[in-house]
Amino acid sequence: MAKRIPAVLVLALTACLAWQPAAMAQSSRNKVDIETRFKEAMADPKVADELYKVGRKVAAVCANCHGDGGNSTKPSVPNLAGQNPAYLLEQVRQFADGRRRYEFMEGMIRAMNSDEKIGMVLFYSAQDVVHKPTADKALAAKGQDIFSKNCFRCHGDMGRGNDQIARIAGQQTEYLRSTLKRYRDGPNTRANSIMTPNTKLLSDNDIEALVAFVSSMP
Ligand code: HEC
Ligand code: HEC
């Protein structure tokens, strides 16, 4: 795993190495696939509770970038707090099988066993998103206009998505900007995304307005 981590990410690497023993201690569960384990957790509150605690531990490693409780403090790193569980799980699958490309996260996810993956999904989806008001109300109003024409039908009036679609409300500014531009312009790091046709007609100004509005949605 260390091979996959860029040398500059010393902090994260240190955290990763410190985390290995816990991952290995649970390696007996490595063979259980995440679909089976997720179903077990959904059917049995005791399993869900056990995995939630595993997830809370794993989250200590992720906090370097994704923030405490999944509220990122880095504009380029996405919040995981309040994200929909099925969406998070799908991103885990996509990082694991290479449909979603981001080298650091691919390595991170490959190093996690099923319990850790499901646990972090249960943990993060249950955390509250910290609300950040916008600095530019006029720009956000323009973004609201675009949102209510082009985005709400999938992401919902409140930007909270549903069990298949990402929550975007309160997401980090720079992550929103770069994600929307990558959907629009490539490189295509998220295979066959339905977001590619849905960003084609957005100008850079539209994207700035959407970023101002969406990042400030509660
Ligand atoms: C070195 C910083 C770093 C660390 C540590 C890190 N991540 Fe990430 N993570 C990122 C970045 C940056 C992205 C955005 C990738 C992109 O642009 O596609 C991301 C994306 C994600 C996503 C997709 C979110 C979305 O909205 O689609 C998930 C899920 C995720 N990380 C989970 C984790 C978990 C779980 C851990 C801990 C085991 C972790 N990350 C540790 C930097 C990090
Ligand atoms: C036809 C349905 C649909 C429409 C319309 C749509 N989206 Fe999406 N969006 C999705 C789905 C599904 C995903 C999940 C990830 C993927 O497929 O790439 C997503 C993902 C995203 C993400 C990435 C979330 C993350 O955490 O990485 C952002 C940001 C986003 N959409 C913003 C928007 C904005 C802004 C608009 C309006 C201009 C919009 N979407 C319109 C379906 C839609």
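Everything here concerns the structure above.
This report concerns the structure included in the present document.

What counts and how
- Residues numbered from 1 in each chain as written.
- Chains lettered and ligands numbered in written order.
- Predicted model: local features only at pLDDT ≥ 70, side-chain atom pairs only at ≥ 80, totals over all residues.
- Heavy atoms only, no water.
- Donors = N, O, S within 2.8 Å, 3.2 Å for Na, K, Ca; no water.
- Tetrahedral: all angles 85-135°; square planar, octahedral: opposite > 155°, others 65-115°.
- Helix = DSSP H or I, 4+ residues; strand = E, 2+ residues; numbered from the N terminus.
- Buried < 20%, exposed > 50% of the residue type's maximum accessible area, 1.4 Å probe, protein only.
- Core = buried A, V, L, I, M, F, W, Y, C linked by side-chain atoms within 4.5 Å.
- Contact = heavy atoms within 4.5 Å.
- Near = heavy atom within 4 Å.
- Polar contact = N/O pair within 3.5 Å; in protein donor to acceptor, adjacent residues only side chain to side chain.

## With respect to the coordination of the iron atom of ligand 1
Argument step 1. Only His66 (NE2) and Met105 (SD) from the protein coordinate the iron atom of ligand 1, and they sit 2.0 to 2.3 Å from it.
Argument step 2. Considering all six donor atoms around the iron atom of ligand 1, the spread of angles at the metal, 86 to 178°, places the coordination shape in the octahedral class. With His66 in helix α3 (residues 45-66) and Met105 in helix α5 (residues 103-110), the pair connects residues that are 39 residues apart, well separated along the chain. With respect to class, His66 is no different from Met105; both count as buried.

## Concerning the nonpolar core
Argument step 1. One finds Ala41, Ile118, Met120, Leu122 and Tyr124 to be the most contacted residues of the largest nonpolar core, which totals 27 residues.
Argument step 2. Those elements giving two or more residues to this core turn out to be α2 (34-43), α3, α4 (85-97), α5 and α6 (114-125).
Argument step 3. The biggest single contributor to this core is α3, with eight residues.
Argument step 4. Dropping the residues within four chain positions of it, Tyr124 is found in contact with Ala59, Cys62, Gly69, Gly70, Leu80, Ala81, Gly82, Gln83 and Leu88.
Argument step 5. Ranked by size, the runner-up nonpolar core spans 19 residues in total, among them Ile168, Leu180, Tyr183 and Met217.

## Observations concerning the site of ligand 2
Argument step 1. Residues in contact with ligand 2 amount to 21 residues; listed here are only the nearest, Cys151, Cys154, His155, Tyr175 and Met195.
Argument step 2. Here an oxygen atom of ligand 2 sits 2.5 Å away from a polar atom, N or O, in the side chain of Tyr175.
Argument step 3. Ser193 is positioned with one of its side-chain polar atoms (N or O) 2.6 Å from an oxygen atom of ligand 2.
Argument step 4. For the shell around ligand 2, the secondary-structure elements that each account for two or more residues are α8 (152-155), α9 (173-185) and α10 (195-199).
Argument step 5. For the shell around ligand 2, the leading source of residues is α9, giving five residues.

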